[in-house]
Amino acid sequence: MSRRKKCMMCGKTEIIVRDGMCFVCATRDVQDRAEIENLIKRGHTEHCAKAQVWGPMECECEKQGLVPGLVSALIVNAMEGGV
């Protein structure tokens, strides 16, 4: 039985290593998620961080009426019911 299957991210037939992804896509996914976490820690909203990594590649905090940074992160956290 073949270990090679179609990668759900790139569509290439490769050996699947994690969550339906080939090695290259799985590695990129880990790096992307680390960058998203870094952007969130720097004060961007989760939506904005994902947009910077996966979307139009620009900060969307302003579109949400926020300024990137700790103050906005605290405001968003409070609005979402966090402490």
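The structure this text deals with has already been given above.
Computed from a predicted model, the values in this text were never measured in an experiment.

Colleague: Tell me about a nonpolar patch on the surface, and name the residues and values.
Modeller: A grouping of Ile15, Val17, Phe23 and Val24 is seen on the molecular surface, where their side chains present a nonpolar patch of about 370 Å² in accessible area. Of all the secondary structure elements, the ones that give two or more residues to the nonpolar patch are β2 (13-18) and α1 (23-41).

Colleague: Give a detailed account of the sheet that holds β2, specifying residues and quantitative values.
Modeller: In spatial order, the strands read β1-β2-β3; together these three strands make up an open sheet with antiparallel pairing. Only two strands of the sheet have a single partner each, and these edge strands are β1 (4-6) and β3 (21-22). With three bridges connecting them, β1 and β2 associate as antiparallel partners. What sits directly across from Lys6, in β2, is Thr13.

Colleague: How would you explain the side chain of His44 if you had to name every residue and give the values?
Modeller: Locating His44 in the fold gives a position in the loop between α1 and α2 (46-53). Looking at His44, the relative accessible area reads 11%, which means it is buried. A polar contact is formed between the side chain of His44 and the side chain of Gln52, at a distance of 3.2 Å.

Colleague: Talk me through the pairing of β2; I want residue IDs and the actual numbers.
Modeller: The loop that links β1 with its antiparallel partner β2 comprises six residues; one of these, Gly11, has a positive phi angle of about 85 degrees. Taken together, the two bridges between β2 and β3 define a ladder with antiparallel strand orientation. Looking at the pairing, Ile16 lines up with Cys22 of β3. Hairpin remark: β2 followed by β3, antiparallel, with two residues in the connecting loop; positive phi at Asp19, about 50 degrees.

Calculation rules
Residues numbered from 1 in each chain as written. Predicted model: local features only at pLDDT ≥ 70, side-chain atom pairs only at ≥ 80, totals over all residues. Heavy atoms only, no water. Patch = residues over 30% accessible without salt bridge, like charges linked within 9 Å, V, L, I, M, F, W, Y side chains within 5 Å. Areas by Shrake-Rupley, 256 points an atom, 1.4 Å probe, with all protein chains shown as cover. Salt bridge = Lys/Arg side-chain N within 4 Å of Asp/Glu carboxyl O. Helix = DSSP H or I, 4+ residues; strand = E, 2+ residues; numbered from the N terminus. Pairing = 2+ DSSP bridges. Buried < 20%, exposed > 50% of the residue type's maximum accessible area, 1.4 Å probe, protein only. Polar contact = N/O pair within 3.5 Å; in protein donor to acceptor, adjacent residues only side chain to side chain.

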